[in-house]
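# Descriptive analysis of the structure
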Amino acid sequence: MNVTPMIDVLLVLIVIFLLISPTKPYGYDGQVPQEAIEKTAPTPERTVVLQLEYSATGPGVLRINQAVVEPAQLERQLADIFKTRNEKVLFFEADGRFEFAEVADLLDHVKAADRDIRIGFMTTQAAKAAD
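In this report, we go over the structure that sits alongside the text. (Residues numbered from 1 in each chain as written. Predicted model: local features only at pLDDT ≥ 70, side-chain atom pairs only at ≥ 80, totals over all residues. Heavy atoms only, no water.)

## Notes on a nonpolar patch on the surface
The cut-off we apply is this: Patches here are clusters of residues that have more than 30% relative accessible area and form no salt bridge, with a 9 Å joining cutoff for like charges and a 5 Å cutoff for nonpolar side chains (Val, Leu, Ile, Met, Phe, Trp, Tyr). Accessible areas in this description were obtained via Shrake-Rupley with a 1.4 Å probe; residue shielding takes into account the shown protein chains only. Between Lys or Arg on one side and Asp or Glu on the other, a salt bridge is scored when a side-chain nitrogen of the former is within 4 Å of a carboxyl oxygen of the latter. A run of DSSP states H or I qualifies as a helix once it reaches four residues; a run of E qualifies as a strand once it reaches two. Both are numbered from the N-terminal end. When accessible area is computed with a 1.4 Å probe and restricted to protein chains, residues below 20% of their type maximum are described as buried, those above 50% as exposed, and intermediate ones as partly exposed.
A contiguous nonpolar surface patch, about 800 Å² in accessible area, is contributed by Val9, Val12, Leu13, Val15, Ile16, Phe17, Leu19 and Ile20. When you line up the elements, phenylalanine 17 lands in helix H1 (residues 4–20). We classify phenylalanine 17 as exposed; its relative accessible area is 54%.

See the structure below:
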């Protein structure tokens, strides 16, 4: 039995799969906090922190720099904050009781406000250090 035609077909299939594979990964760009960055915290007037807190009585409470924000007004307020800034970085902190779908939906609204916003996720330790 001659296996040369089978190897030729295999090589052609490999080339086809390489050509049709997506070239750009999808999802959110995440940035891991670096040790040196946390020691030199940015000045408070430049820092934007979006918090999603759990509420037992209803939907979660949204805050931008400790000020309560209505979910319907989130995109507009973020667009107003970031329209004059060169450095578009937002730190995000969410209570662990939320489902991933709720957090992802909120991050979609953040990106709808301005596509250039870079999102940094705050851990519990970083959030306590910021207070």
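## A short note on the side chain of lysine 88
Note the cut-off: Contacts are assigned to residue pairs that have any heavy atoms within 4.5 Å of one another.
Positionally, lysine 88 belongs in the loop between helix H3 (74–82) and strand E4 (89–94). With relative accessibility at 17%, the residue lysine 88 sits in the buried group. Those residues in contact with lysine 88 that lie beyond four places of it in its chain are Phe82, Asp114, Asp116, Ile117 and Arg118.

## Notes on the sheet that holds strand E5 (residues 118–121)
We count it as follows: We call two strands paired when DSSP finds no fewer than two bridges between them. Only C-alpha atoms enter the line fits that serve as axes; for helices the fit covers just the stretch in contact. Angles between N-to-C directions range over 0 to 180 degrees.
Taken in spatial order, the 5 strands line up as E3-E2-E1-E4-E5 in an open sheet, and their pairing is mixed. Edge strands, defined here as strands with exactly one partner in the open sheet, are strand E3 (67–69) and E5. Adjacent strand axes in the sheet meet at a mean angle of 30°, parallel and antiparallel pairs treated alike. Sheet topology note: the E4/E5 ladder contains 4 bridges and is parallel. What sits directly across from valine 89, in E5, is arginine 118. Sheet contacts for helix H4 (residues 100–113): strand E1 (49–53), strand E2 (61–64), E4 and E5; angle to E4, the most-contacted strand, approximately 160°.

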